[in-house]
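Examination of the molecular architecture
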Amino acid sequence: MGAVYAYSLRFIMTPDGIGYLDVASAYLRHDWTTAVNGWWSPVYCWILAAFLGIFPPTARTEYPLVHLVTFLCFAFTSWSFYLFWEALRSAVRGTNSELVGLPILTPLVVDLFVYSLFFFLFLPLVAVPTPDVFASAFVFLIAHRLLRFETSDSPTWRDGVLLGVLFGLAYLTKAILFYFSIVALATAVLNARTGSRKPLFVSALLFAIVISPWLIALHSSFGVWTLGFSGQLNYAWFVDGTETDRFLEPNGAPLPYFPGSVVFSQPTIYKVQTQPHITYLPWYDPARFYKSRRASFQLHGQIAAVEKNLIWLRTWLLITLGPMSVSTVSLLLGSGAVMLTILRRYSAIVMPVLVTFAMYGLIFIRTPRYIAAVAVLLFAIALVSVRFEPTDIRLLRGILGAGLVIFAVVSLPGVVDVITAAFSSHPDPMIEVAEGLERSGIRNDTHVATVGPAIYAYWARLARVNLAAEIWNDGVPQFWSADPVRRHEMLCVIANSGVSVIVGDPPQNINLDSWEPLGSGGFWMHRLSGHDCEQR
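Residues numbered from 1 in each chain as written. Predicted model: local features only at pLDDT ≥ 70, side-chain atom pairs only at ≥ 80, totals over all residues. Heavy atoms only, no water.

Along the protein chain, the regular secondary structure elements total 25 helices and nine strands. At a minimum sequence separation of 6, the contacts of the protein chain that also span at least 24 residues come to 74%. As displayed, the protein chain has an accessible area near 23400 Å², and 63% of this comes from carbon and sulfur atoms. (Helix = DSSP H or I, 4+ residues; strand = E, 2+ residues; numbered from the N terminus. Contact = heavy atoms within 4.5 Å. Areas by Shrake-Rupley, 256 points an atom, 1.4 Å probe, with all protein chains shown as cover.)

For helix α16 (residues 322-335), built from 14 residues, the straight-helix expectation of 20 Å at 1.5 Å per residue is met to within 8% by its first-to-last C-alpha distance of 20 Å. Within α16, the full set of buried residues consists of Gly322, Pro323, Met324, Ser325, Ser327, Thr328, Leu331, Leu332 and Ser335. With its phi angle positive at about 75 degrees, Gly336 sits one or two positions after the end of α16. (Expected span 1.5 Å × (residues − 1). Buried < 20%, exposed > 50% of the residue type's maximum accessible area, 1.4 Å probe, protein only.)

Quick look at the pattern of salt bridges now. Under the counting rule described, the total for this entry stands at 14 salt bridges. The salt bridge partner of Asp111 is Arg89, with a shortest N-O separation of 2.8 Å. Of this pair, Asp111 sits in helix α7 (residues 107-122) while Arg89 sits in helix α5 (residues 62-93), and the two are 22 residues apart along the sequence. Take Asp111 and Arg89: they sit in the same class, and that class is buried. Between Arg369 and Asp132 there is a salt bridge, and its shortest N-O distance comes to 2.4 Å. Of the two residues, Arg369 sits in helix α19 (residues 368-384) while Asp132 sits in helix α8 (residues 132-151), which places them 237 residues apart along the sequence. The pair formed by Arg369 and Asp132 is uniform in burial state, with each residue classed as buried. Several salt bridges converge on common partners, so that one network encompasses Asp16, Asp132, Lys174 and Arg369. (Salt bridge = Lys/Arg side-chain N within 4 Å of Asp/Glu carboxyl O.)

Counting residues in each nonpolar core, the largest one holds 153 residues, and the members touching the most others are Phe84, Phe122, Tyr171, Tyr346, Leu437, Trp459 and Val503. For this core, the element with the highest residue contribution is α19, accounting for 13 residues. Beyond its immediate stretch of four places on either side in the chain, Phe122 contacts Phe74, Thr77, Ser136, Phe140, Ala372, Ala373 and Val376. Formed by 22 residues, the second largest nonpolar core is a distinct cluster that contains Ile471, Phe479, Val499 and Ile502. (Core = buried A, V, L, I, M, F, W, Y, C linked by side-chain atoms within 4.5 Å.)

This part covers α8. Taking 1.5 Å of rise per residue, the 20 residues of α8 would be expected to cover 28 Å, and the 29 Å separating its terminal C-alpha atoms lies within 8% of that figure. Among the 20 residues of α8, 17 are classified as buried, and the element is accordingly described as predominantly covered.

The residue after Gln266, namely Pro267, is reached through a cis peptide bond having omega 0 degrees. Take Pro267: it is sitting in the loop between β2 (260-264) and β3 (269-272). Positive phi, close to 60 degrees, is recorded for His30, a residue that is not glycine. Following the sequence through the fold, His30 ends up in the loop between α2 (15-28) and α3 (32-35). Judged by relative accessible area, His30 falls into the exposed class, the value being 54%. One non-glycine residue with positive phi stands out, namely Asn509, at about 65 degrees.

So yeah, pure geometry; function would need other evidence.
So this is what it looks like as structure tokens:
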């Protein structure tokens, strides 16, 4: 199914994916100053760079290549989860109690339940070119190694080395996992017997060694010691920024970054700063581009952010994952107080999971990809903490089976849609635009404007052009409906900003004299010249 998702959605791209691709290209050019980025974590960029170097892509193959990378990450994550789940089941089989755990009482149903949850959360992420899937692999591998420390009588220094390396790679893949790793390490040290703590100290040492080169690179590039700027910038944007009705700059755009100066009003046209080889500079490295923005605690904004995140989390758990959540909670309540004793045994996993939820909850949690791994861990730990009498096996199968069947029925239509899309042969408009620009003689690093937000102009990366001006969504109808004189005035302003071509997706029945079609996807281009504006 992972391969089907990857193939069906092989042309899907996101603003984040463009950022990672641009960073990967910087590594391939050995442009280290540009490559060291305070926003995008490095490991996923390194993997993309390796594949781009080994398999140089064309406009038609670049995005499918990215999805191949993401699929391979998904396969690795699936294997990592398998290791964790098998270790967790073994830990349950090794307990001595009159009450029996679910993996012993009803192993097949529990396996179906857990793997259904895993695939439901992770299969859609195959279509999202971000490091979240790969980062999740390290979350599961860390949990797997922590279980080994919990169940082993004498963990070795090799166990400590491996755990420390996993901590370091997790942070380098996604910055928030630094805190996940710190909490996991601290909890494991507190829980461990005195003789078992030495390997954990080795883990701490290896953790520091693995991440130090990247921290030094960030310090050299930005002049401050930092783990990265994603946390503080997201806090500034979603807590005391746009989410609380405050724009980032006077007359700025109502999105979590400021694209550039306003060069025309009604409709608003922004001139965007550019840099060679960077598709869209404001989203390439906001930490470098927008240095003046810093997070500041504001109680009103913090309360509003937490409220929005809790509302989303409640809907996600009770509606999207409702059958799974109800079944799991019912079993936990039926277990009584013994469940709390068993949960405490897994505190080295539970504590970092809860801290991760809390950190996202303070800022922005409203997408499953951020919390998919920790959610799966939480459900898995909860299920193995359930204890019942062997005579309750029919009741347990009924509760788990009902939740699984309802969940499958609700989720099946989305899976069918993806499978159907795999057999679609419609040309992708982004590819057609890129190839049309190339046929029209538009070369690398040409400054191009968009009628619409430039952050979603995914064709620009394929055409290797720089997005230098943009008209926001609320101004698009005004641009296309303007009379010829007014539209010419807009085009001249854009041309005088150093833009050579403007690309848009016009509605029907619009006069497109002097515009050239870019394939059959509805996109058109218009060549701009400041000299023509002066003559007219």
